[in-house]
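Here are the chains, one letter per residue:
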Amino acid sequence: MKKVLDHFFRPQSIALIGATEKPGKIGQAVLHNLISGGFKGDIFPVNPKYDTLQGLKCYASISKLPSAPELTIIVTPAHIVPGLMKDCGKKGIVSVLVLSAGFKEAGETGEMQFRDLKAQAKENGIRLIGPNCLGLVTPAIGLNATFAPSMPETGRVAFISQSAAMGSAILDWAAEKNVGFSHFVSVGNMADIGFDHLIDYFGSDNRTACILIYMESLVNARKFMSAARAFARSKPIVILKAGRSKEGARATFSHTGSMAGNDAVYDAAFHRAGVIRVATVQQLFDCASALSMQPLPTNNRLAIVTNAGGPAILATDWLMQRGGAIASLQSTALAELDKIMPAAWSRSNPVDVLGDATPELYRAALKTCLHDPGVDAVLCILTAQNMTDPAAFAEVVVEESKKMKSKPVYAAWMGMRTVGAGRRYLEEHKIPWFPFPERAVEVFMKMVNYRETLE
């Protein structure tokens, strides 16, 4: 299966059936992305209406191609697609990405076309991704086989989306936020290749550190469970499962043509498989940042270093409500801090260094907390003050975190313009930052629960 999926994600040649020059058409957008993304392999547009397209020779049919491409992309109307499987089979094509919509999600006629597509693909020895999907991306080789408007940077996160629209929005967001991917794929109706195949593939990929999934329904639960359990320890898997309510499940059926199922069953299955379940897109990427940048905490005891009392109190409340614990600092640690902190400091955890603290004072507080054996992780909170340089404080956090690599450090740099440079520095040096402390605590507890599940 690896060789087949290499044809999808690392092809040497690509055919695009339904390529066109008409603006607003998927065939035009996909061809543009293939060319502009920097893909170095051969690209073969296929459409009998053209001799050339965007400077490339255009072929009248699959049979006219000079050789069997490693990946074939189909963007034609749905009723044509099953018949194209025969032509692909005759040409020796084995990997096909079907972006065309109008199958399971389109009523009885679409369901019949979906069954026909599956049958024709199987009969002709073809493996499919799709139909009704956005496509796939491998940034490291300049491959953008989608009709999305943005190309993400190269990174270590693999993302699998069952929704084309959700995938497109996330790719656009990732491009703006400089979030990198090892791979991205939209699976659509999953006529053939599904979550289990892709988890196996990305789980064995040394360029991938963690796997994110947006899921609406699950076709083969047994295979999914087997794949997820095999890789959950070495490659964290984070899932955003839609259709939790009865109404949401009905909406899922109209979207993908598959029933979403009982959410309590999904909850139990995900826990058993060792995956992290999140409730929002925001949590999906917050967890991805933490997993790709920091080690897992060994327990739930959190220390908080802050220059503002209010945000620390909010963080404490959020932590306690979610089953965490405020770390009890040892007497020796408190004594060390008492020597250097201002007279009005908090004398406990959270460690409030006060609003006029210098970066070096903040460093001393952070260093003491990180070296305390009763602390499993540290949340650094900073609010912008006239006398505060957020970038200088960010440098302190990065330096101390690098010295104590066994404990995770999270940052809540609160504000907008004033803290921008500090946030960028944190991100560049692998410290996950959040605009509010509650989000940081939420991620910390997700990491704690994940560690407990693995154990």
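Residues numbered from 1 in each chain as written. Predicted model: local features only at pLDDT ≥ 70, side-chain atom pairs only at ≥ 80, totals over all residues. Heavy atoms only, no water.

K.L.:
Looking at this structure, how should I read the overall build of the chain?
P.N.:
Helix and strand content of the chain: 16 helices and 20 strands. For a compact globule of 455 residues, the expected C-alpha radius of gyration is about 23 Å, and the chain comes in at 25 Å, within 12% of that figure. Its C-alpha atoms give the chain principal-axis dimensions of about 80 × 45 × 35 Å. Across the 455 residues of the chain, 55% fall into the buried class. Contacts in the chain between residues at least 24 apart in sequence constitute 73% of all its contacts with a sequence separation of at least 6. (Helix = DSSP H or I, 4+ residues; strand = E, 2+ residues; numbered from the N terminus. Rg over C-alpha atoms; globule rule 2.2 N^0.38 Å. Buried < 20%, exposed > 50% of the residue type's maximum accessible area, 1.4 Å probe, protein only. Contact = heavy atoms within 4.5 Å.)

K.L.:
How should I be thinking about the sheet that holds strand β14 (residues 276-278) in this particular structure?
P.N.:
What links the strands of a sheet is backbone hydrogen bonding, and the strands pair in either a parallel or an antiparallel sense. One open sheet holds the seven strands; their spatial order is β9-β8-β11-β10-β12-β13-β14, and the pairing between them is mixed. Every other strand in the sheet has two partners, leaving β9 (143-146) and β14 as the edge strands with one partner each. Averaged over all neighbouring strand pairs, the angle between strand axes comes to 20 degrees, with direction disregarded. Two strands pair when backbone bridges link them, and strand β10 (residues 153-161) and strand β11 (residues 180-186) are joined in this way by seven bridges, in the parallel orientation. Looking across to β11, one finds that A158 is bridged to H183. Against the sheet, helix α6 (residues 195-203) touches β10, β11, β12 (210-215) and β13 (237-241), its axis set at about 165 degrees to β12. (Pairing = 2+ DSSP bridges. Axes fitted to C-alpha atoms, helices over the stretch in contact; angles between N-to-C directions.)

K.L.:
Honestly, the packing of aromatic side chains in this entry has me stumped. Any pointers?
P.N.:
We describe a pair of aromatic rings using the distance from one ring centre to the other and the angle between the two ring planes. Going through the model one piece at a time under the given rule, you end up with 13 aromatic pairs. On the numbers, 5.3 Å between centres and 70 degrees between planes, the contact of F9 with F202 is edge-to-face. In this pair, F9 sits in helix α1 (residues 2-9) while F202 sits in helix α6, placing the two residues 193 residues apart along the sequence. F202 gets classed as buried once you look at its relative accessible area, which sits at 0%. An aromatic cluster is defined as three or more aromatic residues linked by ring pairs; in this entry it consists of F159, W173, F181, F184 and F285. Its guanidinium or amino end placed over the ring of Y266, K241 lies 4.3 Å from that ring's centre, counting from NZ or CZ. One Lys or Arg, R322, reaches over the ring of W318 and ends 3.8 Å from the middle of that ring. (Phe/Tyr/Trp six-rings, centres within 6.5 Å; stacked < 30°, edge-to-face > 60°. Lys NZ or Arg CZ within 6 Å of the ring centre and 35° of its normal.)

K.L.:
Mind showing me how you'd approach the pattern of salt bridges here?
P.N.:
Here the idea is simple: oppositely charged side chains can pair when their charged atoms come close. Counted according to the given criterion, the structure contains 14 salt bridges. Where D205 meets R207, a salt bridge forms, and the shortest distance between an N and an O atom there is 3.2 Å. For D205, a relative accessible area of 6% corresponds to the buried category. (Salt bridge = Lys/Arg side-chain N within 4 Å of Asp/Glu carboxyl O.)

K.L.:
Can you help me understand helix α16 (residues 437-454) in this one?
P.N.:
In an α-helix, one turn spans 3.6 residues, which is why side chains three or four residues apart end up on the same side. With 18 residues, α16 ought to run about 26 Å at 1.5 Å a step, and its terminal C-alpha atoms sit 26 Å apart, in line with that. When α16 is considered as a whole, its buried residues turn out to be P437, A440, V441, E442, V443, F444, M445, K446, M447, V448, Y450 and L454. (Expected span 1.5 Å × (residues − 1).)

K.L.:
I tried to follow the nonpolar core on my own but got confused; where do I start?
P.N.:
Inside soluble globular proteins, nonpolar side chains tend to come together where they are buried. Core analysis: the biggest nonpolar cluster contains 50 residues, and F9, I73, L97, I213 and F224 have the highest contact counts within it. What F224 contacts, discounting residues up to four positions off in sequence, is F195, D196, I199, I213, M215, L218, I239 and F270. Core analysis: the next-biggest nonpolar cluster, separate from the first, contains 47 residues, F285, I304, F434 and V441 among them. (Core = buried A, V, L, I, M, F, W, Y, C linked by side-chain atoms within 4.5 Å.)

K.L.:
Whenever I open this one, the environment of S63 confuses me. Can you help?
P.N.:
As for its placement among the helices and strands, S63 is situated in the loop between β4 (56-57) and β5 (71-74). On the basis of relative accessibility, which here comes to 53%, the residue S63 falls in the exposed class. Of note is the side chain of S63, whose polar atom sits 2.9 Å from the side chain of S61. (Polar contact = N/O pair within 3.5 Å; in protein donor to acceptor, adjacent residues only side chain to side chain.)

K.L.:
What's the story with the sheet that holds strand β7 (residues 127-129) in this structure? I'm lost.
P.N.:
Judged by pairing direction, the sheet is parallel, and its five strands sit side by side in the order β2-β1-β5-β6-β7 without closing on themselves. Single-partner strands in this sheet number two, and they are β2 (42-46) and β7. The mean inter-strand angle of the sheet, taken between neighbouring strand axes irrespective of direction, is 20 degrees. Relative to β2, strand β1 (residues 13-17) is paired through five bridges, and the arrangement is parallel. Across the sheet, the residue bridging to A15 is F44, located in β2.

K.L.:
Got a minute to help me understand unusual backbone geometry in this structure?
P.N.:
Going from G130 to P131, the amide bond is cis rather than trans, its omega being 0 degrees. Counting through the fold element by element, P131 comes out in the loop between β7 and β8 (135-138). Following N349, the chain continues into P350 via a peptide bond in cis, with omega recorded as 5 degrees. Tracing the backbone through its elements, the reader meets P350 in the loop between α12 (331-340) and β17 (351-352). Positive phi values are uncommon outside glycine, yet Q54 reaches one of about 50 degrees. Residue placement: Q54 occurs in the loop between β3 (52-53) and β4. Looking at Q54, the relative accessible area reads 40%, which means it is partly exposed. Positioned with a positive phi, L354 is a non-glycine residue whose angle comes to about 75 degrees. Note that L354 resides in the loop between β17 and α13 (359-371).

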